[in-house]
Amino acid sequence: EPEVTQTPSHQVTQMGQEVILRCVPISNHLYFYWYRQILGQKVEFLVSFYNNEISEKSEIFDDQFSVERPDGSNFTLKIRSTKLEDSAMYFCASSEIRGVNEKLFFGSGTQLSVL
Amino acid sequence: DAKTTQPPSMDCAEGRAANLPCNHSTISGNEYVYWYRQIHSQGPQYIIHGLKNNETNEMASLIITEDRKSSTLILPHATLRDTAVYYCIVRAYNDYKLSFGAGTTVTVRA
């Protein structure tokens, strides 16, 4: 069964450093998302992306965050200058269609630890 | 803003049906009910969704009350691998995001 792949599974970085989290969505999917989950808290929406544009973003997704689809297969989340509070599990998701019958497929996540 | 209310936890015996309730009394006409689950901090997994009719797939059944103010997810024969946090989510068809609540932690016991 096709799956969303995320790398790395764990990322440790120093506060103030830039990180790039990588995702390979399912190949025929057109809609891409990032969510995050701080330890012990709810899964939170960050951003949705379609046709090389951000469709919607949450208040969390401030100027420190950016997303890119640099080629036909990868989808990345960049955090420009990490903060301690950015420590979380970051999930990439993709879907084939939008609307009523949309089913999001999530990756296994990247655990980001900011020291 | 919580649009759904779920019990924080429930236990279920292996092999028995698990019935997970969800209250969504403020649901709007254009909003659907989606269920996802998250197994031990993995990425959430889609289970099923519906508008007003009962739905069934290979994973589960979804029963939505006639007034649409509540629903029940049914796992017909729970296994140990069904132990997870189950999220009931209300979402409009044109909404880009899923708003996860705290969900119900379901523990299936042998």
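As the structure is a computational prediction, the values presented were derived from the model and not from experiment. Sequence order as written defines the numbering, with residues in each chain counted from 1. Chain labels run from A onward and ligand labels from 1 onward, assigned in the order the entries are written. Selection of residues for local features in this predicted model requires a pLDDT of at least 70, selection of side-chain atom pairs for listing and counting requires 80 or more, and totals for whole chains, interfaces and linings are taken over all residues. Just so you know, side-chain values use all the structure's heavy atoms and leave hydrogens and water out.

Before going further, it helps to examine the pairing of strand β2 (residues 18-23) of chain B. Residue and element names in this part refer to chain B. For the exposure calls, accessible area comes from a 1.4 Å probe over protein chains only, and a residue counts as buried if that area is under 20% of its type's maximum, exposed if over 50%, partly exposed in between. Strands here mean DSSP runs of E at least two residues long; helices mean DSSP runs of H or I at least four residues long; both are numbered from the N terminus. Side chains of β2 alternate between two faces, with Ala 18, Leu 20 and Cys 22 buried and Asn 19, Pro 21 and Asn 23 left unburied. By definition, two strands form a pair when at least two bridges between them are found by DSSP. Across 6 bridges, the pairing between β2 and strand β7 (residues 70-75) is antiparallel. Opposite Cys 22, over in β7, you have Ser 71 as the bridge partner.

Opposite the 20 residues of chain B that make contact, chain A presents 21 residues. Here the quantity called buried area is the accessible surface, traced with a 1.4 Å probe, that two parts lose on coming together, added over both. Approximately 1800 Å² of surface area, both sides summed, lies buried where chain B meets chain A, with 55% of it carried by carbon and sulfur atoms. Of all residues in chain B, Pro 44, Tyr 96 and Phe 100 of chain B give up the largest surface area on contact with chain A, accounting jointly for 32% of the area buried on that side. Salt bridges are defined as contacts in which a side-chain nitrogen from Lys or Arg sits within 4 Å of a carboxyl oxygen from Asp or Glu. The interface formed by chain B and chain A includes 2 salt bridges. Residue Glu 56 of chain A pairs with Lys 97 of chain B through a salt bridge whose shortest N-O separation is 3.1 Å. For this analysis, a polar contact is any N or O atom pair within 3.5 Å, provided that within protein one partner can donate a hydrogen and the other can accept it, and provided that sequence-adjacent residues contribute only side-chain to side-chain pairs. Across the chain B-chain A interface, the total number found is 10 residue pairs in polar contact (both at pLDDT 80 or more). Secondary-structure elements contributing two or more residues to the side of chain B that touches chain A are β3 (31-38), β4 (45-50) and β8 (84-92) of chain B. If one sorts the elements of the side of chain B that touches chain A by residue count, β3 of chain B sits on top with 4 residues. Contact criterion: two residues are considered in contact whenever any of their non-hydrogen atoms come within 4.5 Å of each other.

Take unusual backbone geometry next. All names here are of chain A. Thr 7 connects to Pro 8 through a cis peptide bond whose omega is -10°. Structurally, Pro 8 can be placed in the loop between β1 (5-7) and β2 (10-13). Here the phi dihedral of Asn 51 falls at roughly 55°; this positive angle occurs in a residue that is not glycine. Backbone geometry places Asn 52, a non-glycine residue, at a positive phi of 65°. Counting through the fold element by element, Asn 52 comes out in the loop between β5 (43-50) and β6 (53-57). With a relative accessible area of 57%, Asn 52 lands in the exposed category.

All names here are of chain B. Following the sequence through the fold, Val 90 ends up in strand β8. Accessibility expressed as a relative area gives 9% for Val 90, which makes it buried. Sequence-wise, Val 90 and Lys 52 are 38 residues apart; in three dimensions their C-alpha atoms are separated by 12 Å. In contact with Val 90, other than residues within four places in its own chain, are Lys 3, Thr 4, His 24, Ile 27, Glu 31, Tyr 32 and Val 33.

Our focus in this paragraph is the pattern of salt bridges. This model, assessed by the stated rule, comprises 8 salt bridges over all chains. For the salt bridge of Glu 44 of chain A with Arg 36 of chain A, the shortest nitrogen-to-oxygen distance reads 3.2 Å.

On to the state of the cysteines, then. In plain terms, two cysteine sulfur atoms within 2.5 Å form what is called a disulfide here. As enumerated under the stated definition, the model contains 2 disulfides over all chains in all. Disulfide pairing places Cys 23 of chain A opposite Cys 92 of chain A at an S-S distance of 2.0 Å. Disulfide Cys 23 of chain A to Cys 92 of chain A: torsion about the S-S bond roughly -65°, handedness left-handed. Pair noted here: Cys 23 of chain A is in strand β3 (residues 19-24) and Cys 92 of chain A is in strand β9 (residues 88-95), with a separation of 69 residues, a long-range link. A relative accessible area of 0% means that Cys 23 of chain A is categorised as buried. Judged by relative accessible area, Cys 92 of chain A falls into the buried class, the value being 0%. Here Cys 12 of chain B stays free of any disulfide, with the sulfur of Cys 22 of chain B as its closest cysteine sulfur at 18 Å.

Within a sheet, neighbouring strands are paired by backbone hydrogen bonds and run either parallel or antiparallel to one another. Taken in spatial order, the 4 strands of this open sheet run β2-β7-β6-β5 (chain B), and their pairing is antiparallel. Looking at the sheet topology across the chains shown, the edges are occupied by β2 and β5 (55-56) of chain B.

Let us look at the packing of aromatic side chains. Under the pairing criterion, centres of Phe, Tyr and Trp rings, with the six-membered ring standing for Trp, must be within 6.5 Å; the plane angle then separates stacked pairs below 30 degrees from edge-to-face pairs above 60, leaving the rest tilted. Under the definition given, this model contains 15 aromatic pairs over all chains. Considering the side-chain rings of Phe 106 of chain A and Phe 100 of chain B, the 6.3 Å spacing of their centres and the 75° angle between planes classify their relative orientation as edge-to-face. Placement of Phe 106 of chain A in strand β10 (residues 105-106) and of Phe 100 of chain B in the loop between β8 and β9 (104-109) is noted, with the two residues assigned to different chains. One aromatic cluster in this structure is built from Tyr 33, Tyr 35, Phe 45 and Phe 106 of chain A together with Tyr 36, Tyr 46, Tyr 87 and Phe 100 of chain B. The criterion is that NZ of a Lys, or CZ of an Arg, lies within 6 Å of the ring centre and within 35 degrees of the ring normal, and then a charge sits over that ring. In this arrangement the basic side chain of Arg 98 of chain A is found over the ring face of Tyr 31 of chain A, its NZ or CZ atom lying 5.9 Å from the centre.

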